[in-house]
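# Descriptive structure summary
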Amino acid sequence: MVSRVIPVDAFDLVIFGGTGDLARRKIFPGLYRRYLAGQMTAESRIIGAARAELTDIAFREMIAAAIDEFVPKERIDAATVAGFLERISYVPIDAKGDSGWAPLRAKMRPSIVRAFYFSVAPSLFGDLAERLHAHDIADKSSRIVVEKPFGRDLASAKALNSTLADHFREDQIYRIDHYLGKETVQNLMAVRFANILFEPLWKSEYIDHVQITVSETVDVEGRGAYYDKSGAMRDMVQNHMMQLLCLIAMEPPYHFDPNAVRDEKLKVIRALETVPSENIVRGQYLAGGGDGSYLEHSENPASKTESYIALKVNIANWRWKGTPFYLRTGKKLRARASEIAITFKAPPHSIFDDVQGARENVLVIRLQPNEGMNLIVMIKEPGPGGMRLMQVPLDMAFADALGEHSEDIPDAYERLIMDVIRGNQTLFMRGDEVEAAWAWADPVISGWEARGDKPQGYDPGSSGPEDALMLMHRDGRRWREIKG
Ligand code: BG6
């Protein structure tokens, strides 16, 4: 298999919030890897912009340290790092004032792709957008990249969209959901739309239910203040899990084209039914294993924020009527693993007597770690003694299928930033999609707030609160065991 790296056009990329955590952890290490791979060419320039008064040299030292910390040792090549750093400079800038903008403008080159990454608090989006235009830095072909959280409800998301729309067209705005940049998440579309095998069965007639799990072992990781205002619903479900659900549930787009794909996702979101309280389980981790509880990490000792949520979601359309989607995600759980499991119905009639145990096929798509696909099929139990059936996995790890090239797979941020430069919005959320997702999430959240529901405690290292098991058991189903 040949790994194909197609260099992108030369660019000037400005990273507002260039000294921040995301820039250090993801953006710069990702860009370095693309430079190493030959995708970012030597003609490109990256300009860090933030409040701190730093020289180019001090900023480059900071980026060198970030590469050292966040890029695996075997990918660090001193000469390549030096070459990459030469392409980086820094401008101290005042997002709310006028200082720094003229020097920034002086750095921008004509006739080169211009992109501006807003790796800053959403409250600054408007200031940045306005000044980019006032100082004649952004033009009609410039792109801006914005991060989640994109609002915390429908009203705030609309306000953000309209602020951005005052200065940029929708086709210039790249809203990142890093889940869409994950290789296996894109594989969902390849599996569904490049194979004839699954699509005829991809409907409620043949699919009993779908489980989407994003299980994390980490706690709120020093982000207690942000997280306590979000909780798992806003932090994971409204965005990442919603995107996964859409890719599983959407109709085939007519083409792999940004608007065709996003139109189909939008239709799914709009078809989601409001979730009644009996289909929601929220949890909060307790203390255990020497670690403090959620409440100890939070600044609010009476917090009712959920660090775990499980939901049964119904989609009101022809394809999915009667096939529930069960979603669950949480922190401080037993394993770090994300997967989607599509459980098919048992055959309508069995020609075999005495069939013991489960009879259904399951397609499991493992998103992380150990990315791959597993199709569980029924076979005859080997050996004499009559016809007995058993379930066996047809298990494929992508690393085995891809061999040595599995290491060349870019991480989500690398891919998404390159897509910005290429001008491809397929893997970015459109404004109407984000608003529709909030329109669905808002009544769910306001419902539990109005009821004053408290999350159920769960032990760290467990698989979540007891009630989440009941959500499945009462439907005669069970969660798959999640192994890291
Ligand atoms: C982020 C959330 O968007 O995604 C975090 O804010 C979460 O709380 C993270 O831990 C999970 O991402 P990944 O790529 O590690 O699954």
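For the structure, see preceding data.
Overview of the structure.

### Topic: the overall build of the chain
Assigned secondary structure in the chain consists of 14 helices and 15 strands. Relative to the 2.2 N^0.38 estimate, which gives 23 Å for 484 residues, the radius of gyration of the chain is 24 Å and therefore close to what a compact globule would have. Per-residue burial over the chain gives 51% buried out of 484 residues. A total accessible area of about 21,600 Å² is found for the chain, and carbon and sulfur atoms account for 52% of it. A distance of 2 Å separates the average location of the 60 positive side-chain charges in the chain from that of its 68 negative side-chain charges.

### Brief notes about the nonpolar core
Grouped together as the largest cluster of nonpolar side chains are 134 residues, with contacts concentrated most on Phe 16, Leu 31, Phe 84, Leu 311 and Phe 325. With 13 residues, helix H8 (residues 224-249) is the single largest residue contributor to this core. The contact partners of Phe 84, leaving out residues within four places of it in the chain, are Phe 28, Leu 31, Tyr 32, Tyr 35, Met 40, Ile 46, Ile 63 and Ile 67.

### Things to note about the environment of Leu 245
Within the secondary structure, Leu 245 sits in helix H8. Residue classification places Leu 245 among the buried residues on the basis of a relative accessible area of 1%. In this structure, the C-alpha to C-alpha distance between Leu 245 and Lys 265, residues 20 residues apart in sequence, is 9.0 Å. With residues near it in sequence (within four places) discarded, Leu 245 still touches Ile 212, Val 268, Leu 272, Val 313, Ile 315, Phe 325 and Leu 327.

### Quick word on the packing of helix H1 (residues 21-36) against helix H12 (residues 412-422)
Packed helix pairs are specified by the crossing angle of their axes together with the interaxial distance, meaning the distance between the axes. Following both chains from N to C, one finds H1 and H12 inclined at 70°, their axes separated by 8 Å at the closest point. Here H1 is positioned roughly perpendicular relative to H12, judged by the angle of their axes. Considering the relative orientation of H1 and H12, their crossing is right-handed. Between H1 and H12, the contacting residues are Leu 22, Lys 26, Ile 27, Gly 30, Leu 31, Arg 33 and Arg 34 on the first element and Tyr 413, Glu 414, Ile 417 and Met 418 on the second.

### Considerations on the pairing of strand S8 (residues 280-285)
Look at any regular strand and the pattern is simple: side chains alternate between the two faces of the sheet. The element S8 is extensively covered by neighbouring structure, given that 6 of its 6 residues are classed as buried. Of the two faces of S8, the one carrying Ile 280, Arg 282 and Gln 284 and the one carrying Val 281, Gly 283 and Tyr 285 are both buried. Direction of pairing for S8 relative to strand S9 (residues 308-313): antiparallel, over a ladder of 4 bridges. The residue of S9 that forms the bridge with Ile 280 is Leu 311. Here S8 pairs with strand S15 (residues 456-458) via 3 bridges, running parallel. If you follow Tyr 285 over to S15, its bridge partner there is Tyr 458.

Rules of the game
- Residues numbered from 1 in each chain as written.
- Predicted model: local features only at pLDDT ≥ 70, side-chain atom pairs only at ≥ 80, totals over all residues.
- Heavy atoms only, no water.
- Helix = DSSP H or I, 4+ residues; strand = E, 2+ residues; numbered from the N terminus.
- Rg over C-alpha atoms; globule rule 2.2 N^0.38 Å.
- Buried < 20%, exposed > 50% of the residue type's maximum accessible area, 1.4 Å probe, protein only.
- Areas by Shrake-Rupley, 256 points an atom, 1.4 Å probe, with all protein chains shown as cover.
- Lys, Arg positive; Asp, Glu negative; His and termini not counted.
- Charge placed at Lys NZ, Arg CZ, Asp CG, Glu CD.
- Core = buried A, V, L, I, M, F, W, Y, C linked by side-chain atoms within 4.5 Å.
- Contact = heavy atoms within 4.5 Å.
- Axes fitted to C-alpha atoms, helices over the stretch in contact; angles between N-to-C directions.
- Parallel < 35°, antiparallel > 145°, perpendicular 65-115°, else oblique.
- Left-handed = near helix turned anticlockwise from the far one by under 90°.
- Pairing = 2+ DSSP bridges.

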